[in-house]
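Residue-level listing of the chains:
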Amino acid sequence: MAQTTIISFFKYHGRKNKWRALGRMGRPPIADKTIEGLSFWKPLGIGSGNGFSIWPDFSMFALLSVFDSENRAKAFLKSEYLKPYTEKASGFGHVLMHTIKAHGQWSQQEPFLAGASFDPTRPVAVITRATIKPKLAHKFWRHVPSVSKSMDAYEDLLFTKGIGEYPIFMQATYSLWKDGKAMMDYAYKNDKHAAMVKKTRELGWYSEELFSRFHPFECMGNLPEFEKIKASL
């Protein structure tokens, strides 16, 4: 049984639906529920624009969930647990993934267990997550716009969003690339990204951080933004 991670995105129109979605961040429907195979989960907000903004986008929210098998992950997607998220959504989508590698912690846990071998010809997703030290937050956010803008030039970037549990201080990014080569080219050849990594090492922005890579193997839902992902799998 291969551990399976799902990242789900839900889009909402109308003030009432957006307000309800925001409320679910504080009172997630799956909280205090016993869900078979579920080992880790996080409700996530989205930054405005392309997601990498200090200002939130109240029209979109995400949910990260980790299961001990594909079967249990897919059973969850068909269950009533997701109905509160989807019934008023104007669109939603789920990406199912197997972990290639992960290091670091998220809320003092190591949620992702490697179970897939890296294949540079397959699509690759990346989740980076960090808790930013409050005294260094202003320096961190000063560098974010130039890095996020540098991603716009990559045609092989199929989808990306800035996600987070808490504004400003608990932030993550999710990106999905056409193949491993495209992801590696961005990670190691993009000057803006390299400068950000260097600053991270020099200044020690984070009190906790995690870096993880995945092979997505299935994409479901009706979000228009996910059409490129579906075509690549």
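Residues numbered from 1 in each chain as written. Predicted model: local features only at pLDDT ≥ 70, side-chain atom pairs only at ≥ 80, totals over all residues. Heavy atoms only, no water.

(A) Up close: empty space enclosed by the protein. For the structure shown, the criterion picks out one cavity of 30 Å³ or more. Taken as a whole, the largest cavity spans an internal volume of roughly 60 Å³. Along its surface, the largest cavity is lined by Tyr12, Ala21, Arg24, Met25, Pro43, Leu44, Phe61, Ala62 and Tyr85. Elements represented by at least two residues in the lining of the largest cavity include exactly helix 1 (15-26), strand 2 (38-47) and strand 3 (56-67). Tallied by class, residues from the lining of the largest cavity come to eight nonpolar, no polar and one charged. (1 Å grid on protein atoms, 1.4 Å probe; cavity = no way out; pocket = protein on both sides within 12 Å on 5 of 7 lines; lining within 4 Å. Points joined across faces, edges and corners; volume = space filled by probe spheres on them. Helix = DSSP H or I, 4+ residues; strand = E, 2+ residues; numbered from the N terminus. Nonpolar A, V, L, I, M, F, W, Y, C, P; charged D, E, K, R; others polar.)

(B) Layout of the pairing of strand 3. Burial within strand 3 is extensive, with ten of its twelve residues counted as buried. Two strands pair when backbone bridges link them, and strand 1 (residues 4-11) and strand 3 are joined in this way by eight bridges, in the antiparallel orientation. In the strand pairing of strand 3, Ile6 is matched with Ser65. As defined by bridge partners, strand 2 adjoins strand 3 across eight bridges and the pair is classed as antiparallel. The partner of Leu38 across the bridge, within strand 3, is Phe67. (Buried < 20%, exposed > 50% of the residue type's maximum accessible area, 1.4 Å probe, protein only. Pairing = 2+ DSSP bridges.)

(C) Spatial organisation of helix 1. Spanning twelve residues, helix 1 covers 17 Å between terminal C-alpha atoms, matching the ideal 16 Å at 1.5 Å per step. Residues of helix 1 that are buried in the fold lie against strand 3 and helix 3 (83-86). (Expected span 1.5 Å × (residues − 1). Contact = heavy atoms within 4.5 Å.)

(D) Inspection of the packing of aromatic side chains at higher detail. In the structure shown here, the tally under the stated rule is twelve aromatic pairs. With 6.4 Å between their ring centres and 25° between their planes, Phe76 and Tyr81 make a pair best called stacked. The buried category is assigned to Phe76, whose relative accessible area is 3%. The aromatic ring of Tyr85 is capped on one face by Arg24, whose charged end is 5.5 Å from the ring centroid. (Phe/Tyr/Trp six-rings, centres within 6.5 Å; stacked < 30°, edge-to-face > 60°. Lys NZ or Arg CZ within 6 Å of the ring centre and 35° of its normal.)

(E) Molecular detail of the pattern of salt bridges. Summed over all chains, the structure comprises nine salt bridges. As a salt-bridge pair, Lys42 and Glu165 come within 3.4 Å of each other at their nearest N and O atoms. With Lys42 in strand 2 and Glu165 in strand 6 (residues 157-166), the pair connects residues that are 123 residues apart, well separated along the chain. Asp68 is paired through a salt bridge with Arg72; the nearest N and O atoms lie 2.6 Å apart. (Salt bridge = Lys/Arg side-chain N within 4 Å of Asp/Glu carboxyl O.)

(F) View of unusual backbone geometry. Even without a glycine there, the phi angle at Asp32 is positive, about 65°. Relative to the helices and strands, Asp32 resides in the loop between helix 1 and strand 2. At Ser107, a residue that is not glycine, the phi angle is positive and equals roughly 55°. Looking at where Ser107 falls in the secondary structure, it is placed in the loop between strand 4 (91-104) and strand 5 (124-132).

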